[in-house]
Amino acid sequence: MPAVTVDNILALPRIPMPDATAVPRPVRSVTTAPTGYEGEGFPVRRAFAGLDMASLDPFIHMDQMGEVNYAPGEPKGTPWHPHRGFETVTYMIDGIMEHKDSHGGGGIISGGDTQWMTAGGGILHIEAPPEHLVLSGGLFHGVQLWVNLPRENKMAHPRYQDITGSRVALASSPDGGALVRVIAGEIAGMQGPGSTYTPIALSHSTIAPGAALTLPWNREFNALIYVLAGEGTVGAEKRPIRMGQTALFGRGDTIEMSASTAGESLEVFVLGGKPIREPVAMAGPFVMNTKSEVLQAFEDYQAGRLGVPVE
């Protein structure tokens, strides 16, 4: 699981030790993601299954894509499909994904890169492995997150952010046992490159076997950890957690996690945001505030008002 790595982790800025008065966030629940298939048939884990929307706000949905090692001819993607009312964030850990949208945006993302697409008022897009990867096969692993947009931004003009791995903010734990990659928002004074409508923080951390990591966390944000690989514990209560599980935290100042002493590193996707606290009406690829707005989105899509596929 390479994503973004460094030669000398001790040369990075350090995450400060928590203040003596900091309150660790308690673990409210640990849930296990069921497996399924997306698009043309690539395997996913539904990270937020079993969690209520109020706890997730401002997030809507998250899939761990893979990890899968495709044989030649096997790599799969998604056909052209619409979105309205939210943002899709695709973070690639291993492999290559090519993206195109009906507004002329797109590009290729690979290990450590993030594709941030604001669907806003409506867009069509397609995600697929490039032809050479289909021919050769190879490792494919990533995360796709859906971030809700507040009512005032739901019909914003679509936009696309190509966030290369070289732009991600990097930091280490005080003892160098954990590498923290900040993709968006601010964590411990480190600002990620992703531009967001809703205040959020996203990061991917690698915690070496036997090491621990404590992240300061905005008290106004909710907080979740999804385990991409490995096993360990979360919270001051040392709740066990493993690959494919999501921990939801309560209120507090810090998030605590540690990796098991044996086996591989603990790989975690840590995220949180300021709840929007608006009604959510969702059906398929549309996330709006009311049922009538969702029906309008379907009507606009069928009438071609969300754009058309491009070659």
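Scroll up to find the structure this text is about.
Described in the following lines is the structure provided in the data block. (Residues numbered from 1 in each chain as written. Predicted model: local features only at pLDDT ≥ 70, side-chain atom pairs only at ≥ 80, totals over all residues. Heavy atoms only, no water.)

Let us now look at the overall build of the protein. In terms of helices and strands, the protein carries three helices and 26 strands. Its C-alpha atoms give the protein a radius of gyration of 19 Å, within 12% of the compact-globule value 19 Å for 311 residues. Taken over the C-alpha atoms alone, the protein extends approximately 60 × 45 × 30 Å along its principal axes. Looking at the 311 residues of the protein, the share that counts as buried comes to 55%. (Helix = DSSP H or I, 4+ residues; strand = E, 2+ residues; numbered from the N terminus. Rg over C-alpha atoms; globule rule 2.2 N^0.38 Å. Buried < 20%, exposed > 50% of the residue type's maximum accessible area, 1.4 Å probe, protein only.)

Scanning the model with the defined rule gives six salt bridges in all. Arg84 is paired through a salt bridge with Asp300; the nearest N and O atoms lie 3.0 Å apart. Here the residue Arg84 occupies a position in the loop between strand S5 (78–83) and strand S6 (86–94), and Asp300 occupies one in helix H3 (residues 291–302), the gap between them amounting to 216 residues. The class for Asp300 is buried, based on a relative accessible area of 7%. A salt bridge links Glu220 to Lys274; the shortest N-O distance between them is 3.8 Å. Remark: Lys274 occurs in the loop between strand S24 (266–273) and strand S25 (281–283) and Glu220 occurs in the loop between strand S18 (212–216) and strand S19 (223–229); sequence separation between them is 54 residues. (Salt bridge = Lys/Arg side-chain N within 4 Å of Asp/Glu carboxyl O.)

To continue, consider the side chain of Gln64. If you trace the backbone, Gln64 turns up in strand S4 (residues 59–70). For Gln64, a relative accessible area of 1% gives the class buried. In this structure the side chain of Gln64 is engaged in a polar contact, spanning 2.8 Å, whose partner is the side chain of His141. In this structure, Gln64 is in contact with Pro43, Val44, Arg45, His141, Gly142, Tyr226, Val227 and Leu228, ignoring residues within four places of it in sequence. (Polar contact = N/O pair within 3.5 Å; in protein donor to acceptor, adjacent residues only side chain to side chain. Contact = heavy atoms within 4.5 Å.)

Quick look at the sheet that holds strand S22 (residues 245–249) now. A sheet is described by the order of its strands in space; here seven strands give the open sequence S1-S22-S19-S24-S17-S14-S13, paired in antiparallel fashion. Each edge of the open sheet is held by one strand with a lone partner, namely strand S1 (27–32) and strand S13 (169–172). The sheet shows a mean angle of 20° between the axes of neighbouring strands, taken without regard to direction. With five bridges joining them, S1 and S22 adopt antiparallel strand pairing. (Pairing = 2+ DSSP bridges. Axes fitted to C-alpha atoms, helices over the stretch in contact; angles between N-to-C directions.)

Moving on: the packing of aromatic side chains. Under the criterion given, the structure shown has three aromatic pairs. Plain terms: the ring middles of Tyr91 and Phe269 are 6.0 Å apart, the flat faces sit at 25° to each other, and that makes the pair stacked. Linking Tyr91 in strand S6 with Phe269 in strand S24, this pair joins segments that are 178 residues apart in sequence. Given a relative accessible area of 2%, Tyr91 falls into the buried group. For the pair Phe286 and Phe298, a centre-to-centre distance of 4.8 Å together with 90° between the ring planes defines the contact as edge-to-face. (Phe/Tyr/Trp six-rings, centres within 6.5 Å; stacked < 30°, edge-to-face > 60°.)

This next bit is on the nonpolar core. With 29 residues, the main nonpolar core has Ile207, Leu215, Trp217, Ile225 and Met257 as its most contacted residues. Mapped onto this core, the elements with two or more residues apiece are S13, strand S14 (178–184), strand S17 (200–207), S18, S19, S22, strand S23 (254–259) and S24. Excluding residues that lie within four positions of it along the chain, Trp217 makes contacts with Arg25, Ile187, Ala201, Asn222, Ala223, Gly252, Asp253, Thr254, Ile255, Val270, Leu271 and Gly272. Counting residues in hydrophobic clusters, the runner-up holds 26 residues, among them Ala47, Leu56, Val143 and Leu145. (Core = buried A, V, L, I, M, F, W, Y, C linked by side-chain atoms within 4.5 Å.)

It is worth spelling out the sheet that holds strand S10 (residues 123–128) at this point. Pairing in this open sheet of four strands is antiparallel, and the strands run S5-S10-S7-S8 from one edge to the other. The open sheet has two edge strands with one neighbour each: S5 and strand S8 (106–109). Here the strands of the sheet are splayed against their neighbours by 20° on average, with no regard to which way each runs. Here strand S7 (residues 97–101) runs beside S10; their pairing, made up of four bridges, is antiparallel. Counterpart to Glu98 in the pairing with S10 is Ala128.

Side chains of Met53, Val280 and Met282 sit close together on the surface and give an oily, nonpolar patch of about 240 Å² of accessible area. Along the polypeptide, Val280 turns up in the loop between S24 and S25. (Patch = residues over 30% accessible without salt bridge, like charges linked within 9 Å, V, L, I, M, F, W, Y side chains within 5 Å. Areas by Shrake-Rupley, 256 points an atom, 1.4 Å probe, with all protein chains shown as cover.)

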